[in-house]
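Read off the chains here:
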Amino acid sequence: MAEQPDLPSTTEPLQREARRALDQAIVAFRRGDPVLLSGDNGAVLAIAAEQITEESLGSLRNMSSRRLSVVVTRRRAVALGLAPRSALAGVVRITVAPHLSAAVIRKLADPAASLGAEPPGLGPEPATAEPGALAAVTLAKLADLLPAALVLWLVPAEAALARRRADFAVVDMTAVLNRRAAIAGLEQVAEARVPLAKAEDARLIAFRPGDGGIEHLAILIGTPDPASGVLVRLHSECFTGDVLASLRCDCGEQLQGAIATIAAAGGGALLYLAQEGRGIGLVNKLRAYQLQDAGFDTIDANEQLGFDADERVYLPAAEMLRQLGFTAVRLLTNNPDKVAALQRYGITVIERVPHVFPANGHNERYLNTKATRSGHIL
(Lines give C-alpha, C1' and ligand atoms only; values in the text may rest on other atoms or scores of the structure.)
Protein backbone atom coordinates (compact mmCIF):
# COMPACT_ATOMS: atom_id res chain seq x y z
CA MET A 1 0.00 0.00 0.00
CA ALA A 2 1.26 3.46 -0.91
CA GLU A 3 2.36 5.56 2.01
CA GLN A 4 -0.20 8.22 2.88
CA PRO A 5 1.06 11.84 3.03
CA ASP A 6 1.01 13.54 6.40
CA LEU A 7 -2.11 15.61 6.84
CA PRO A 8 -1.85 19.07 8.41
CA SER A 9 -3.05 19.30 11.98
CA THR A 10 -6.47 20.87 12.45
CA THR A 11 -4.91 23.12 15.07
CA GLU A 12 -2.35 24.64 12.67
CA PRO A 13 -4.74 27.20 11.09
CA LEU A 14 -5.84 28.25 14.57
CA GLN A 15 -2.23 28.63 15.70
CA ARG A 16 -1.36 30.67 12.62
CA GLU A 17 -4.37 32.91 13.20
CA ALA A 18 -3.40 33.41 16.83
CA ARG A 19 0.16 34.35 15.84
CA ARG A 20 -1.17 36.75 13.20
CA ALA A 21 -3.46 38.42 15.74
CA LEU A 22 -0.58 38.77 18.19
CA ASP A 23 1.72 40.26 15.54
CA GLN A 24 -0.96 42.78 14.62
CA ALA A 25 -1.42 43.68 18.30
CA ILE A 26 2.33 44.25 18.74
CA VAL A 27 2.43 46.57 15.73
CA ALA A 28 -0.65 48.46 16.94
CA PHE A 29 0.87 48.89 20.41
CA ARG A 30 4.06 50.31 18.91
CA ARG A 31 1.98 52.80 16.90
CA GLY A 32 0.11 53.92 19.98
CA ASP A 33 -3.20 52.41 18.88
CA PRO A 34 -5.61 50.70 21.31
CA VAL A 35 -5.53 46.91 21.54
CA LEU A 36 -8.42 44.82 22.83
CA LEU A 37 -7.16 42.00 25.06
CA SER A 38 -9.86 39.39 25.29
CA GLY A 39 -10.14 36.51 27.77
CA ASP A 40 -12.50 34.15 29.54
CA ASN A 41 -13.01 36.60 32.40
CA GLY A 42 -13.63 39.73 30.35
CA ALA A 43 -11.84 42.17 28.10
CA VAL A 44 -9.39 45.02 28.53
CA LEU A 45 -8.70 47.88 26.16
CA ALA A 46 -5.07 48.93 26.44
CA ILE A 47 -2.66 51.51 25.03
CA ALA A 48 1.08 51.56 25.63
CA ALA A 49 1.63 54.17 28.33
CA GLU A 50 4.61 55.78 26.62
CA GLN A 51 2.50 56.27 23.46
CA ILE A 52 -0.55 57.87 25.07
CA THR A 53 -1.78 61.22 23.69
CA GLU A 54 -4.54 63.55 24.79
CA GLU A 55 -6.58 62.37 21.80
CA SER A 56 -6.25 58.66 22.58
CA LEU A 57 -6.79 59.34 26.29
CA GLY A 58 -10.02 61.18 25.50
CA SER A 59 -11.20 58.34 23.24
CA LEU A 60 -10.77 55.81 26.04
CA ARG A 61 -12.60 57.99 28.53
CA ASN A 62 -15.51 58.33 26.11
CA MET A 63 -15.87 54.57 25.75
CA SER A 64 -16.89 53.85 29.33
CA SER A 65 -17.75 55.49 32.63
CA ARG A 66 -15.26 53.21 34.38
CA ARG A 67 -12.06 54.68 35.76
CA LEU A 68 -8.89 54.22 33.77
CA SER A 69 -5.83 52.63 35.32
CA VAL A 70 -2.15 52.63 34.61
CA VAL A 71 -0.58 49.19 34.92
CA VAL A 72 3.13 48.98 35.69
CA THR A 73 5.49 46.29 36.86
CA ARG A 74 5.90 46.07 40.60
CA ARG A 75 9.53 47.09 40.15
CA ARG A 76 8.41 50.35 38.53
CA ALA A 77 5.87 50.89 41.32
CA VAL A 78 8.67 50.46 43.86
CA ALA A 79 10.80 52.98 41.97
CA LEU A 80 7.88 55.43 42.06
CA GLY A 81 7.54 54.95 45.82
CA LEU A 82 4.08 53.44 45.39
CA ALA A 83 4.84 49.90 46.59
CA PRO A 84 7.14 48.30 49.18
CA ARG A 85 10.30 46.45 48.16
CA SER A 86 9.11 43.31 49.93
CA ALA A 87 7.83 41.90 46.63
CA LEU A 88 9.22 42.80 43.21
CA ALA A 89 7.48 40.29 40.94
CA GLY A 90 4.28 40.81 38.97
CA VAL A 91 2.38 43.95 38.00
CA VAL A 92 0.17 46.43 39.83
CA ARG A 93 -2.72 48.65 38.84
CA ILE A 94 -2.80 52.35 39.69
CA THR A 95 -6.19 54.05 39.40
CA VAL A 96 -5.78 57.50 37.87
CA ALA A 97 -7.77 60.65 38.54
CA PRO A 98 -10.27 61.75 35.85
CA HIS A 99 -8.27 64.90 35.11
CA LEU A 100 -4.89 63.17 34.76
CA SER A 101 -3.15 64.32 31.58
CA ALA A 102 -1.45 62.21 28.93
CA ALA A 103 1.89 63.83 29.81
CA VAL A 104 1.68 62.65 33.42
CA ILE A 105 0.75 59.12 32.31
CA ARG A 106 3.79 59.05 30.05
CA LYS A 107 5.94 60.15 33.00
CA LEU A 108 4.58 57.29 35.10
CA ALA A 109 6.06 54.94 32.52
CA ASP A 110 9.27 56.80 31.68
CA PRO A 111 11.60 57.73 34.55
CA ALA A 112 13.91 59.62 32.20
CA ALA A 113 11.08 62.09 31.57
CA SER A 114 10.58 62.87 35.26
CA LEU A 115 13.71 62.17 37.28
CA GLY A 116 13.02 62.95 40.93
CA ALA A 117 9.44 64.08 40.31
CA GLU A 118 6.47 62.61 42.17
CA PRO A 119 3.58 62.26 39.73
CA PRO A 120 0.32 63.91 40.89
CA GLY A 121 -3.27 62.83 40.58
CA LEU A 122 -3.00 59.19 41.57
CA GLY A 123 -5.79 57.22 43.15
CA PRO A 124 -5.58 54.69 46.01
CA GLU A 125 -2.55 52.52 46.74
CA PRO A 126 -1.75 50.20 43.82
CA ALA A 127 -3.62 46.91 43.72
CA THR A 128 -2.48 43.56 42.35
CA ALA A 129 -3.44 43.52 38.69
CA GLU A 130 -5.77 41.09 36.96
CA PRO A 131 -4.65 38.81 34.07
CA GLY A 132 -5.75 41.37 31.47
CA ALA A 133 -3.45 43.98 32.98
CA LEU A 134 -0.55 41.52 33.10
CA ALA A 135 -1.17 40.77 29.42
CA ALA A 136 -1.07 44.50 28.63
CA VAL A 137 2.34 44.90 30.28
CA THR A 138 3.60 41.72 28.60
CA LEU A 139 2.44 43.07 25.23
CA ALA A 140 4.43 46.26 25.87
CA LYS A 141 7.55 44.17 26.52
CA LEU A 142 6.98 42.16 23.34
CA ALA A 143 6.77 45.46 21.46
CA ASP A 144 10.10 46.61 22.99
CA LEU A 145 8.32 49.44 24.78
CA LEU A 146 8.44 50.47 28.42
CA PRO A 147 6.51 47.87 30.48
CA ALA A 148 3.49 50.02 31.29
CA ALA A 149 0.02 50.45 29.82
CA LEU A 150 -3.11 52.52 30.22
CA VAL A 151 -6.03 50.11 30.54
CA LEU A 152 -9.80 50.21 30.59
CA TRP A 153 -11.82 47.24 31.83
CA LEU A 154 -14.91 46.74 29.67
CA VAL A 155 -18.26 45.29 30.63
CA PRO A 156 -19.53 42.53 28.28
CA ALA A 157 -21.67 44.89 26.21
CA GLU A 158 -18.78 47.33 25.76
CA ALA A 159 -16.42 44.49 24.87
CA ALA A 160 -18.85 43.20 22.24
CA LEU A 161 -19.00 46.64 20.62
CA ALA A 162 -15.22 46.98 20.75
CA ARG A 163 -14.73 43.63 18.98
CA ARG A 164 -16.82 44.87 16.05
CA ARG A 165 -14.70 47.99 15.56
CA ALA A 166 -12.25 47.78 12.67
CA ASP A 167 -9.81 50.21 14.29
CA PHE A 168 -8.99 47.94 17.27
CA ALA A 169 -6.53 45.08 17.06
CA VAL A 170 -7.97 42.14 19.00
CA VAL A 171 -5.83 39.47 20.63
CA ASP A 172 -6.41 36.73 23.17
CA MET A 173 -4.77 37.34 26.55
CA THR A 174 -3.52 33.76 26.67
CA ALA A 175 -1.71 34.17 23.34
CA VAL A 176 0.14 37.19 24.74
CA LEU A 177 1.05 35.54 28.03
CA ASN A 178 2.22 32.35 26.28
CA ARG A 179 4.28 34.07 23.57
CA ARG A 180 7.60 33.02 25.09
CA ALA A 181 6.56 29.37 24.82
CA ALA A 182 7.14 29.65 21.05
CA ILE A 183 10.68 31.02 21.17
CA ALA A 184 12.31 27.59 21.33
CA GLY A 185 10.71 26.45 18.07
CA LEU A 186 13.82 27.32 16.07
CA GLU A 187 14.44 26.43 12.45
CA GLN A 188 17.73 26.70 10.58
CA VAL A 189 16.97 28.91 7.60
CA ALA A 190 20.36 29.84 6.13
CA GLU A 191 24.04 28.91 6.35
CA ALA A 192 27.09 30.38 4.66
CA ARG A 193 30.86 30.50 4.93
CA VAL A 194 31.88 33.88 6.40
CA PRO A 195 35.65 34.23 6.96
CA LEU A 196 36.36 36.48 9.94
CA ALA A 197 39.48 38.50 10.68
CA LYS A 198 40.19 36.39 13.77
CA ALA A 199 38.66 33.13 12.51
CA GLU A 200 38.89 32.55 8.77
CA ASP A 201 37.35 29.09 9.02
CA ALA A 202 33.93 30.29 10.16
CA ARG A 203 30.37 29.65 9.10
CA LEU A 204 27.28 31.66 9.96
CA ILE A 205 24.03 29.79 10.63
CA ALA A 206 20.72 31.62 11.05
CA PHE A 207 17.99 30.22 13.31
CA ARG A 208 14.46 31.63 12.99
CA PRO A 209 12.12 31.42 16.03
CA GLY A 210 8.77 29.73 15.59
CA ASP A 211 7.02 32.91 16.76
CA GLY A 212 8.32 34.88 13.77
CA GLY A 213 10.74 36.88 15.88
CA ILE A 214 14.24 38.10 15.01
CA GLU A 215 16.72 35.43 13.98
CA HIS A 216 19.49 34.24 16.30
CA LEU A 217 22.87 33.46 14.75
CA ALA A 218 25.51 30.81 15.37
CA ILE A 219 29.12 31.47 14.38
CA LEU A 220 30.57 27.99 13.92
CA ILE A 221 34.37 28.11 13.95
CA GLY A 222 36.43 25.18 12.64
CA THR A 223 35.04 21.65 12.97
CA PRO A 224 34.46 21.15 16.69
CA ASP A 225 34.02 17.59 17.96
CA PRO A 226 30.70 17.25 19.85
CA ALA A 227 32.17 14.44 21.95
CA SER A 228 34.98 16.57 23.37
CA GLY A 229 33.10 19.34 25.20
CA VAL A 230 32.83 22.16 22.66
CA LEU A 231 34.03 25.65 23.59
CA VAL A 232 30.95 27.88 23.39
CA ARG A 233 30.21 31.54 24.03
CA LEU A 234 26.66 32.93 24.47
CA HIS A 235 26.75 36.56 23.34
CA SER A 236 23.71 38.82 23.42
CA GLU A 237 23.71 41.39 20.63
CA CYS A 238 24.94 44.85 21.61
CA PHE A 239 24.70 47.46 18.85
CA THR A 240 26.61 50.08 20.81
CA GLY A 241 29.44 47.76 21.86
CA ASP A 242 29.66 45.32 18.95
CA VAL A 243 29.12 47.79 16.09
CA LEU A 244 30.09 51.21 17.47
CA ALA A 245 32.86 49.98 19.82
CA SER A 246 31.25 51.81 22.75
CA LEU A 247 33.42 52.08 25.86
CA ARG A 248 30.41 52.00 28.23
CA CYS A 249 30.46 48.19 28.26
CA ASP A 250 32.87 45.37 27.48
CA CYS A 251 30.64 43.68 24.88
CA GLY A 252 32.73 44.49 21.82
CA GLU A 253 35.87 43.17 23.47
CA GLN A 254 34.02 40.08 24.64
CA LEU A 255 32.71 39.39 21.13
CA GLN A 256 36.04 39.75 19.33
CA GLY A 257 37.93 38.11 22.17
CA ALA A 258 35.62 35.10 22.14
CA ILE A 259 36.02 34.61 18.39
CA ALA A 260 39.81 34.72 18.76
CA THR A 261 39.79 32.38 21.76
CA ILE A 262 37.56 29.82 20.07
CA ALA A 263 39.68 29.90 16.90
CA ALA A 264 42.89 29.46 18.93
CA ALA A 265 41.33 26.47 20.71
CA GLY A 266 40.79 24.74 17.37
CA GLY A 267 37.08 25.41 17.02
CA GLY A 268 33.76 25.90 18.75
CA ALA A 269 30.70 28.12 18.48
CA LEU A 270 29.59 31.61 19.39
CA LEU A 271 25.83 32.07 19.63
CA TYR A 272 24.83 35.64 18.77
CA LEU A 273 21.46 36.04 20.48
CA ALA A 274 18.87 38.66 19.50
CA GLN A 275 18.49 39.97 23.06
CA GLU A 276 19.74 43.57 22.95
CA GLY A 277 20.20 45.35 26.26
CA ARG A 278 19.85 42.16 28.34
CA GLY A 279 16.51 41.61 26.68
CA ILE A 280 14.96 45.11 26.99
CA GLY A 281 15.78 46.35 23.48
CA LEU A 282 18.04 49.09 22.15
CA VAL A 283 15.75 52.06 22.83
CA ASN A 284 15.20 51.04 26.44
CA LYS A 285 18.93 50.42 26.83
CA LEU A 286 19.56 54.02 25.77
CA ARG A 287 17.01 55.12 28.37
CA ALA A 288 18.91 53.08 30.95
CA TYR A 289 22.12 54.84 29.90
CA GLN A 290 20.43 58.19 30.54
CA LEU A 291 19.50 57.05 34.03
CA GLN A 292 23.03 55.78 34.63
CA ASP A 293 24.33 59.24 33.73
CA ALA A 294 21.98 60.57 36.42
CA GLY A 295 23.62 58.34 39.04
CA PHE A 296 21.90 54.94 38.88
CA ASP A 297 23.88 51.76 38.30
CA THR A 298 22.85 49.28 35.60
CA ILE A 299 20.56 47.23 37.86
CA ASP A 300 18.84 50.23 39.45
CA ALA A 301 18.39 51.84 36.03
CA ASN A 302 16.58 48.76 34.74
CA GLU A 303 14.39 48.75 37.85
CA GLN A 304 13.55 52.42 37.37
CA LEU A 305 12.36 51.53 33.87
CA GLY A 306 10.25 48.70 35.27
CA PHE A 307 12.37 45.81 34.01
CA ASP A 308 14.15 43.02 35.84
CA ALA A 309 17.92 43.34 36.09
CA ASP A 310 18.18 40.77 33.28
CA GLU A 311 15.27 39.92 30.97
CA ARG A 312 17.14 37.45 28.79
CA VAL A 313 15.94 33.90 28.14
CA TYR A 314 18.44 31.16 27.26
CA LEU A 315 16.02 28.51 26.03
CA PRO A 316 16.76 29.44 22.37
CA ALA A 317 20.50 29.07 23.04
CA ALA A 318 20.01 25.57 24.41
CA GLU A 319 17.90 24.62 21.39
CA MET A 320 20.52 26.02 18.98
CA LEU A 321 23.22 23.95 20.68
CA ARG A 322 21.09 20.81 20.44
CA GLN A 323 20.52 21.37 16.72
CA LEU A 324 24.26 21.85 16.24
CA GLY A 325 24.81 18.53 18.02
CA PHE A 326 26.44 20.04 21.12
CA THR A 327 24.95 18.71 24.35
CA ALA A 328 28.09 19.11 26.49
CA VAL A 329 30.03 22.37 26.37
CA ARG A 330 32.82 24.36 27.93
CA LEU A 331 31.17 27.72 28.44
CA LEU A 332 33.18 30.89 27.91
CA THR A 333 31.58 33.21 30.47
CA ASN A 334 31.93 35.09 33.74
CA ASN A 335 28.21 34.78 34.45
CA PRO A 336 27.13 31.76 36.56
CA ASP A 337 23.50 32.41 35.58
CA LYS A 338 24.31 31.37 32.02
CA VAL A 339 25.78 28.11 33.30
CA ALA A 340 22.69 27.42 35.41
CA ALA A 341 20.31 28.34 32.57
CA LEU A 342 21.93 26.01 30.03
CA GLN A 343 21.96 23.15 32.53
CA ARG A 344 18.32 23.82 33.37
CA TYR A 345 17.50 23.43 29.66
CA GLY A 346 19.39 20.15 29.30
CA ILE A 347 22.86 21.23 28.16
CA THR A 348 25.74 19.89 30.26
CA VAL A 349 28.33 22.54 31.15
CA ILE A 350 31.49 20.58 31.94
CA GLU A 351 33.60 23.69 32.55
CA ARG A 352 33.19 27.45 32.95
CA VAL A 353 36.03 29.20 31.10
CA PRO A 354 36.72 32.77 32.38
CA HIS A 355 36.34 35.58 29.85
CA VAL A 356 37.62 38.78 31.51
CA PHE A 357 38.84 42.02 29.96
CA PRO A 358 40.38 45.05 31.68
CA ALA A 359 38.30 48.12 32.47
CA ASN A 360 38.72 51.38 30.62
CA GLY A 361 38.03 54.92 31.74
CA HIS A 362 34.29 54.59 31.05
CA ASN A 363 33.11 51.17 32.18
CA GLU A 364 34.58 50.69 35.67
CA ARG A 365 31.23 51.22 37.38
CA TYR A 366 29.49 48.92 34.90
CA LEU A 367 31.98 46.11 35.57
CA ASN A 368 31.88 46.72 39.32
CA THR A 369 28.07 46.35 39.30
CA LYS A 370 28.44 43.09 37.39
CA ALA A 371 30.80 41.79 40.05
CA THR A 372 29.10 43.08 43.19
CA ARG A 373 25.40 42.88 42.30
CA SER A 374 24.99 40.53 39.31
CA GLY A 375 27.21 37.73 40.56
CA HIS A 376 29.70 37.82 37.69
CA ILE A 377 33.08 36.31 38.51
CA LEU A 378 35.58 39.00 37.56
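Residues numbered from 1 in each chain as written. Predicted model: local features only at pLDDT ≥ 70, side-chain atom pairs only at ≥ 80, totals over all residues. Heavy atoms only, no water.

Participant: Tell me about the overall build of the protein, and please be specific about residues and values.
Facilitator: Of regular secondary structure, the protein possesses 15 helices and 14 strands. By the compact-globule yardstick of 21 Å for 378 residues, the protein fits well, its C-alpha radius of gyration being 23 Å. Viewed in the frame of its principal axes, the protein has a C-alpha envelope of about 75 × 70 × 35 Å. Here the protein holds 378 residues, and 50% of them are scored as buried. Considering only contacts within the protein whose residues lie at least 6 apart along the sequence, 67% involve residues at least 24 apart. Taking the average place of the 39 positive charges on the side chains of the protein and the average place of its 41 negative ones, the gap between the two points comes to 4 Å. (Helix = DSSP H or I, 4+ residues; strand = E, 2+ residues; numbered from the N terminus. Rg over C-alpha atoms; globule rule 2.2 N^0.38 Å. Buried < 20%, exposed > 50% of the residue type's maximum accessible area, 1.4 Å probe, protein only. Contact = heavy atoms within 4.5 Å. Lys, Arg positive; Asp, Glu negative; His and termini not counted. Charge placed at Lys NZ, Arg CZ, Asp CG, Glu CD.)

Participant: Before we move on, can you summarise the layout of surface pockets with the specific residues and values?
Facilitator: Here the second largest pocket defines a volume of roughly 650 Å³. In this structure, the second largest pocket is lined by 36 residues; those nearest its centre are Cys249, Arg278, Tyr289, Thr298 and Tyr366. Looking at side-chain class alone, the lining of the second largest pocket contains 10 nonpolar, 14 polar and 12 charged residues. (1 Å grid on protein atoms, 1.4 Å probe; cavity = no way out; pocket = protein on both sides within 12 Å on 5 of 7 lines; lining within 4 Å. Points joined across faces, edges and corners; volume = space filled by probe spheres on them. Nonpolar A, V, L, I, M, F, W, Y, C, P; charged D, E, K, R; others polar.)

Participant: An account of the pattern of salt bridges is requested, with residue identities and associated values reported.
Facilitator: If charged atoms from side chains of opposite charge come close, those side chains can pair. Within this structure, the stated rule accounts for 17 salt bridges. Two residues, Asp33 and Arg31, come together in a salt bridge whose shortest N-O distance is 2.8 Å. A residue is classified by how much of its surface remains accessible, and Arg31, at 57% relative accessible area, is exposed. Of the charged contacts in the structure, one is a salt bridge between Lys370 and Asp250, with a shortest N-O distance of 3.2 Å. Of this pair, Lys370 sits in helix H15 (residues 364-372) while Asp250 sits in the loop between helix H8 (239-243) and helix H9 (251-264), and the two are 120 residues apart along the sequence. Both residues of the pair, Lys370 and Asp250, belong to the buried class. (Salt bridge = Lys/Arg side-chain N within 4 Å of Asp/Glu carboxyl O.)

Participant: Can you lay out the packing of aromatic side chains for me, pointing to particular residues and giving the numbers?
Facilitator: As enumerated under the stated definition, the model contains 0 aromatic pairs in all. For Arg93, the ring lying beneath its charged end belongs to Trp153, and the centroid distance is 5.5 Å. One residue, Arg248, lies across the ring of Tyr289, its end atom 4.2 Å from the ring centre. (Phe/Tyr/Trp six-rings, centres within 6.5 Å; stacked < 30°, edge-to-face > 60°. Lys NZ or Arg CZ within 6 Å of the ring centre and 35° of its normal.)

Participant: I'd like to hear about the pairing of strand S1 (residues 35-39), residue by residue, with values.
Facilitator: Where burial is concerned, most of S1 is hidden: 4 out of the 5 residues are buried. Bridge count between S1 and strand S2 (residues 42-48): 5 bridges; the pairing is antiparallel. When the bridges of S2 are listed, Val35 appears paired with Ala46. Two successive antiparallel strands, S1 and S2, enclose a turn made up of 2 residues. Examined bridge by bridge, S1 and strand S7 (residues 169-172) share 4 bridges and lie parallel to one another. Across the sheet, Ser38 pairs through a bridge with Asp172, a residue of S7. (Pairing = 2+ DSSP bridges.)

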